[in-house]
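Below, each chain spelled out in residue letters.
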Amino acid sequence: MKGHFDSEKADKELRKRYNIHFVDLLIQKGFKTYLFGGSLRDMVLGKEWKDADIRAWIPLPAKERDEKMEEILKEARIDIKAKIIFNEKFTIYRFLPEGSKSEGVIDFTVVTKQFEVIPDFTVNGLYFDIGAKELVDPHNALEDIEKGIISTVLPPEEQFTNESQMIFRAVKCACQFGFSIEEKTLEAMKKLSGLTEGILEVVANDKIPGMTEWFIGNIFRGLKYNPILFTQLWNDTGLTKIFIEFVCKRLNLQSSSEVVPESIFNNKRYDYEESLNIFISTVAKEIDNEDTENTFHKIIELFRLNLPSVYGDFVVDLSNIRFQK
């Protein structure tokens with residue numbers, strides 16, 4: 001096994017980082033509540049974990065479910081930063097409970113049916129029952145973590161058609177953990193990469209304000225971990241082509257470029273800001289060789305990369321975002 005999961009340690013660490021009195025209140029009222037997703041994957045891998053995704057199961061119709069949840073959060077004196085209703089299956093609340101030591105917000109999901117809302121990839125499919133202190137693995141996450149592969153829970157074409165942002169997340173996860181992308185998953189990414197234009201539109205127009213920063217992080221964060229692999233995967237799957245076409249359309253430019261040279265990065269260790277600067281600068285050079293630096297700044301503004309972090313999803317030193325000649 002790549003790592004080890006210790007239930008007592010996980011519970012203690014969660015409570016050390018966050019004031020989860022609202023979870024205890026939910027459990028007291030008889031509602032199953034889970035820590036799930038990336039934090040558990042990182043614990044199994046023996047890596048430092050950052051964000052807490054928590055999910056509560058309230059078996060009521062959507063409207064009544066959300067009203068009940070907000071009643072409990074109000075009782076717990078939680079200041080909700082954002083509420084995002086994705087569909088009747090689930091609603092996400094984003095907040096940071098007062099007294100928490102962590103700076104990253106909690107993404108708190110409330111669902112009507114237990115385990116109906118499935119994760120993007122199997123490796124993110126672990127659940128930790130906070131009340132019972134038990135690890136639940138309904139999607140064989142432990143097996144795929146051991147194998148080091150990124151594979152969708154649903155058939156990949158169905159997954160990416162339903163949630164095209166997960167194409168970006170697959171790249172991010174591969175770069176972050178050095179995992180390989182399962183063959184059928186990679187083929188679906190290539191086939192459906194055109195759908196990601198909609199996600200770029202969501203970010204550029206800030207269509208879902210409470211989640212925009214989350215989208216930005218998933219689009220670009222692979223550059224933080226492995227810029228060489230990031231560039232290779234973006235080129236191979238067609239993401240670079242879609243990105244360049246979108247930028248050209250928004251900035252009224254023209255370009256026949258479909259890739260960026262993978263040689264822009266070598267095996268040295270890059271800071272997040274440095275790799276982001278190099279990649280965006282290279283895109284700017286590919287599409288505008290007359291006013292390249294200005295185009296760089298327009299791309300940065302278009303994708304809101306010059307704004308301070310609100311939720312901790314995209315954290316960079318803005319003073320170091322600059323054009324690379």
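What you see is a predicted model; the values in this text were computed from it and never measured.

A.B. asks: I tried to follow the overall build of the protein on my own but got confused; where do I start?
C.D. replies: Looking only at helices and strands, the protein has 15 helices and 9 strands in total. With 325 residues in all, the protein has 54% of them scored as buried. Element-wise, carbon and sulfur atoms account for 45% of the exposed surface of the protein, whose accessible area totals about 15000 Å².

A.B. asks: Just to check I follow, could you spell out the pairing of strand 1 (residues 33-36) for this structure?
C.D. replies: Side chains on a regular strand alternate between the two faces of the sheet. Covered by surrounding structure in strand 1 are Thr33 and Leu35 together with Tyr34 and Phe36, the residues of both alternating faces. Pairing geometry for strand 1 and strand 2 (residues 52-57), over 4 bridges, is antiparallel. From the neighbouring strand, leucine 35 faces strand 2, where its bridge partner is isoleucine 54. With 3 bridges joining them, strand 1 and strand 6 (residues 127-129) adopt antiparallel strand pairing. Across the sheet, the residue bridging to phenylalanine 36 is tyrosine 127, located in strand 6.

A.B. asks: Is there a simple way to explain the environment of glycine 210 in this structure?
C.D. replies: Within the secondary structure layout, glycine 210 lies in the loop between helix 9 (197-204) and helix 10 (212-220). It is 17 Å that separates the C-alpha atoms of glycine 210 and proline 97, two residues lying 113 residues apart in sequence. What glycine 210 contacts, discounting residues up to four positions off in sequence, is Ala82, Ile84, Arg94 and Tyr311.

The rules behind each value
- Residues numbered from 1 in each chain as written.
- Predicted model: local features only at pLDDT ≥ 70, side-chain atom pairs only at ≥ 80, totals over all residues.
- Heavy atoms only, no water.
- Helix = DSSP H or I, 4+ residues; strand = E, 2+ residues; numbered from the N terminus.
- Buried < 20%, exposed > 50% of the residue type's maximum accessible area, 1.4 Å probe, protein only.
- Areas by Shrake-Rupley, 256 points an atom, 1.4 Å probe, with all protein chains shown as cover.
- Pairing = 2+ DSSP bridges.
- Contact = heavy atoms within 4.5 Å.

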